[in-house]
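# Commentary on secondary and tertiary structure
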Amino acid sequence: DQQVKQNSPSLSVQEGRISILNCDYTNSMFDYFLWYKKYPAEGPTFLISISSIKDKNEDGRFTVFLNKSAKHLSLHIVPSQPGDSAVYFCAAVSANAGNMLTFGGGTRLMVKP
Amino acid sequence: DTEVTQTPKHLVMGMTNKKSLKCEQHMGHRAMYWYKQKAKKPPELMFVYSYEKLSINESVPSRFSPECPNSSLLNLHLHALQPEDSALYLCASSHNVAYGNTIYFGEGSWLTVV
């Protein structure tokens, strides 16, 4: 049973517009969430994280929103750039499981010039 | 500097071969991880080392044998692998295994078993 789900396998956005990537989770013990970006033939690169005590965290063009009641988080990229084209993984951690990441299936983002 | 270095980047091995994947970090991290990623799937945790001791083995077959010679190095010894073991093997590290420490990944080693 997938505890972290990214229901959109792919997303296409025009350069300069907003990209919104979504992630849902089922395990209520998850309380720390991360987004990773992955280019082909490379390892995942950490982007941004959020703790469950917050509902928003912002870093430059990247903002992560967390809705605990809905068990939903989203990553907003504004403005989107062609270099943002990659696969984005949502990952979750629960405090009682140490630092083990549970990944979602990933969303492939394509930003068109 | 958040660099985790993995070698080799590509490895092709036969089912009777013995080979090793290597990982190095100089960030002073005391937790190191091996993940396996198949095409179009998310990374899956294999092993966790904490302070050079194996703390988690996610029921990985014994043909994969991890080793942590010191706090900067992590190896994955491979023997008698199967073609279905072909995947991207990712090494990662974090400050320690405590909850909330960001995990940094290397670029991965692409393994093909023939």
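Figured I'd write up the structure that's included with this text.

Rules and cut-offs
- Counting starts from 1 at the beginning of each chain's written sequence and moves along it residue by residue.
- By the order in which they are written, chains take letters starting at A while ligands take numbers starting at 1.
- With the structure being a predicted model, the display of local features is reserved for residues of pLDDT at least 70 and the display and counting of side-chain atom pairs for 80 or more, all residues being used for whole-chain, interface and lining totals.
- Just so you know, side-chain values use all the structure's heavy atoms and leave hydrogens and water out.
- Here a strand is any run of E in DSSP of at least two residues, a helix any run of H or I of at least four, and the numbering for each starts at the N terminus.
- C-alpha atoms define the radius of gyration in this analysis, and the globule rule sets the expected value at 2.2 Å times the number of residues to the power 0.38.
- A simple rule labels every residue: compare its accessible area, found with a 1.4 Å probe on the protein chains alone, to the largest value its type can have, and call it buried under 20%, exposed over 50%, or partly exposed in between.
- In what follows, a contact means two residues having at least one pair of non-hydrogen atoms within 4.5 Å.
- For this analysis, a polar contact is any N or O atom pair within 3.5 Å, provided that within protein one partner can donate a hydrogen and the other can accept it, and provided that sequence-adjacent residues contribute only side-chain to side-chain pairs.
- Two strands qualify as a pair provided DSSP detects at least 2 bridges between them.
- Here the axes come from fitting lines to C-alpha atoms, over the contacting stretch only for helices, and the angles between their N-to-C directions go from 0 to 180 degrees.
- Definitions used throughout: a 1 Å grid over protein atoms alone; a cavity as a set of points that fits a 1.4 Å probe which cannot get out; a pocket as an open set with protein on both sides within 12 Å along at least five of seven lines; a lining residue as one with an atom within 4 Å of a point.
- Grid points are joined across faces, edges and corners, and a volume is the space filled by probe spheres set on the points.
- Here the quantity called buried area is the total loss of accessible area, with a 1.4 Å probe, experienced by two parts when brought into contact, counted for both.
- Under the scheme applied, nonpolar residues are Ala, Val, Leu, Ile, Met, Phe, Trp, Tyr, Cys and Pro; charged residues are Asp, Glu, Lys and Arg; polar residues are all the others, including Gly.

## Some details on the overall build of chain A
Per the secondary structure count, chain A includes zero helices and eleven strands. Helices and strands in chain A line up, N terminus first, as β-β-β-β-β-β-β-β-β-β-β. A compact globule built from 113 residues would reach a C-alpha radius of gyration of about 13 Å, and chain A, at 13 Å, matches this within 12%. Summarising its shape, the C-alpha atoms of chain A cover approximately 45 × 30 × 20 Å along the three principal directions. When each of the 113 residues of chain A is scored for burial, the buried share is 45%. Put simply, of all contacts in chain A between residues at least 6 apart along the chain, 55% involve residues at least 24 apart.

## Some remarks on the side chain of Thr-107 of chain A
Residue and element names in this part refer to chain A. When you line up the elements, Thr-107 lands in strand E11 (residues 107-112). Residue classification places Thr-107 among the buried positions, given a relative accessible area of 2%. For Thr-107, the side chain forms a polar contact with the main-chain oxygen of Ser-8, separated by 2.6 Å. Residues within four places of Thr-107 in sequence aside, it is in contact with Gln-6, Ser-8, Pro-9, Ser-10, Leu-11, Leu-21, Ala-86, Val-87 and Tyr-88.

## A word on the sheet that holds strand E8 (residues 73-79) of chain B
Across a sheet, strands are paired by hydrogen bonds formed along the backbone, either parallel or antiparallel in direction. Residues and elements named next belong to chain B. Taking strand neighbours across the sheet as the criterion, the four strands line up as E1-E3-E8-E7 in an open arrangement whose pairing is antiparallel. A single partner strand is all that each edge strand has here, and the edge strands are strand E1 (4-7) and strand E7 (64-70). The mean inter-strand angle of the sheet, taken between neighbouring strand axes irrespective of direction, is 20 degrees. Judged from the five bridges that link them, E7 and E8 form a sheet pairing that is antiparallel. In the strand pairing of E8, Glu-67 is matched with Asn-75.

## Notes on the layout of surface pockets
Looking at the largest pocket, its volume works out to about 470 Å³. In terms of lining, the largest pocket is formed by 23 residues, of which the most central are Val-87, Phe-89 and Arg-108 of chain A together with Lys-40 and Lys-41 of chain B. Of all the secondary structure elements, the ones that give two or more residues to the lining of the largest pocket are strand E9 (86-94) and E11 of chain A.

## Quick look at the sheet that holds strand E7 (residues 62-67) of chain A
All names here are of chain A. Within the open sheet, the five strands sit side by side as E1-E3-E8-E7-E6. Their pairing is antiparallel. Looking along the sheet, the strands with just one partner apiece sit at the ends: strand E1 (4-5) and strand E6 (56-59). With six bridges connecting them, E7 and strand E8 (residues 72-77) associate as antiparallel partners. Looking across to E8, one finds that Leu-66 is bridged to Leu-73.

## Some words on the interface of chain A and chain B
Of the residues lining the interface, 21 residues belong to chain A; the matching set on chain B comes to 25 residues. Of the roughly 1,700 Å² buried where chain A meets chain B, counting both sides, 63% is carbon and sulfur surface. Counting the surface chain A buries against chain B, the share from its top three residues, Asn-99, Met-100 and Phe-103 of chain A, is 32%. Our count for the chain A to chain B interface comes out at eight residue pairs in polar contact (both at pLDDT 80 or more). Among the secondary structure elements, those contributing two or more residues to the side of chain A that touches chain B are strand E4 (30-38) and E9 of chain A. Top element by residues in the side of chain A that touches chain B is E4 of chain A. It accounts for five residues. Class assignment of the residues belonging to the side of chain A that touches chain B gives a composition of twelve nonpolar, six polar and three charged.

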